[in-house]
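Overview (structure and organization)
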Amino acid sequence: MTISMHRVSPPKAAELVADQIRGAIARGELVAEQRLAPQPDLAEQFNVSAPTMREALRILETEGLVRVQRGVKGGTIVQHPSLAAMSRQLGMYLQMSGATIADAYRARIVLEPGAVRLLADNIAPAVIEELESVVDQLEASIDSPTEFAMHGARFHLLLLERSGATSLAALGQLITEIVQRPIDTVVGRMSEKARRERGAEGVVVQRKLLKLLRAGDGSRAARYWARHVETQLAYLEELGIASERLEFW
């Protein structure tokens, strides 16, 4: 049997250097705000040319893992990856892939009920108070679309962040940031009357969820929240918005 062979290019030296530094950051050997050695010293350490070292640092800077400061007190400084930066990259990928608003909501339907269940199983009074505070702010801002959307997003995000599952919280933050812009667009298209009615309904739903969380009823709370997000998606479908592509730029 004849196998079709293609020339395989070895990784560039700059990519290999960047990979080593990336690994050191991930393992905690390099910490946030730590200043790396000057570029000539780094080039010597990795046994590469100055242009290769600069390229490696540019790769890491693009990924948000380092920042390069100019001037007398300048240098290359380590920074932790940002979920906001990742959400921009994911948003770009989704937009170029033709993902729709419905796609983002389906991800929310999968993630959030599971977080609610975990939250209910280990609910702390402080978390209930935190969520109640956000709902109070939400209710008080019904007449301000911008503030209302901000507090609504915060409530969704808190459900994920306080679930105790770090991976779920990180994924949820990405999805929440991606969904927020389409939500702002939808709210902007609604009449003031419709916006107030939907806002008031949302407050009632969130207070009912808090009651279930306070009772520690994870199963009912998860089902209830899943139905709520599904209802939100159905409403967007009714408006003819759900099939619109996600757009960030």
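Residues numbered from 1 in each chain as written. Predicted model: local features only at pLDDT ≥ 70, side-chain atom pairs only at ≥ 80, totals over all residues. Heavy atoms only, no water.

A few points about the environment of A24
Along the polypeptide, A24 turns up in helix α1 (residues 13–26). Look past the residues within four positions of A24 in its chain and what remains in contact with it is E29 and L30. (Helix = DSSP H or I, 4+ residues; strand = E, 2+ residues; numbered from the N terminus. Contact = heavy atoms within 4.5 Å.)

Concerning the packing of helix α5 (residues 101–121) against helix α10 (residues 218–239)
The interhelical angle for the contact between α5 and α10, taken along N-to-C directions, is 165 degrees, at an axis separation of 8 Å. Between α5 and α10, the crossing angle belongs to the class labelled roughly antiparallel. Seen from above, α5 lies across α10 with right-handed handedness. Every residue of α10 that contacts α5 at I101, A102, Y105, R106, R108, I109, E112, P113, V116, R117, A120 and D121 is listed here: G218, S219, A221, A222, W225, A226, V229, E230, Q232, L233, L236 and E237. Considering only residue class, the contact of α5 with α10 consists of 14 nonpolar, three polar and seven charged. (Axes fitted to C-alpha atoms, helices over the stretch in contact; angles between N-to-C directions. Parallel < 35°, antiparallel > 145°, perpendicular 65-115°, else oblique. Left-handed = near helix turned anticlockwise from the far one by under 90°. Nonpolar A, V, L, I, M, F, W, Y, C, P; charged D, E, K, R; others polar.)

Examining a positive patch on the surface
Together, R117, K208, K211, R223 and R227 give the surface a local cluster of positive charge. Secondary-structure elements contributing two or more residues to the positive patch are α9 (192–214) and α10. Considering the arrangement of structural elements, one finds K208 in helix α9. (Patch = residues over 30% accessible without salt bridge, like charges linked within 9 Å, V, L, I, M, F, W, Y side chains within 5 Å. Areas by Shrake-Rupley, 256 points an atom, 1.4 Å probe, with all protein chains shown as cover. Salt bridge = Lys/Arg side-chain N within 4 Å of Asp/Glu carboxyl O. Lys, Arg positive; Asp, Glu negative; His and termini not counted. Charge placed at Lys NZ, Arg CZ, Asp CG, Glu CD.)

Regarding the pattern of salt bridges
Here the structure, examined in full by the defined rule, presents 16 salt bridges. We note a salt bridge from D103 to R106, for which the minimum N-O separation is 3.4 Å. Of the two residues, D103 and R106 are both situated in helix α5; the distance of three residues between them amounts to about one turn of the helix. The class for D103 is partly exposed, based on a relative accessible area of 36%. On the basis of relative accessible area, R106 is assigned to the partly exposed category, the value being 44%. (Buried < 20%, exposed > 50% of the residue type's maximum accessible area, 1.4 Å probe, protein only.)

Considering unusual backbone geometry
Look at E33: it is not a glycine, yet its phi comes out positive at around 75 degrees. Considering the arrangement of structural elements, one finds E33 in the loop between α1 and α2 (39–46). Its relative accessible area of 52% is what places E33 among the exposed residues. Unusually for a residue other than glycine, N47 sits at a positive phi of about 60 degrees. As for its position among the elements, N47 is in the loop between α2 and α3 (50–62). The exposure class assigned to N47 is exposed, which follows from its relative accessible area of 70%.

A few points about the nonpolar core
Counting 50 residues, the largest nonpolar core has L131, F155, L159, L209 and L213 as its most contacted members. Sorting the residues of this core by element identifies α5, α6 (125–140), α7 (145–161), α8 (166–189), α9 and α10 as the ones contributing at least two each. A total of ten residues in this core trace back to one element, the largest contributor, which is α5. Apart from the residues within four sequence positions on either side, F155 is in contact with L131, V134, V135, Q206, L209, L210 and W225. (Core = buried A, V, L, I, M, F, W, Y, C linked by side-chain atoms within 4.5 Å.)

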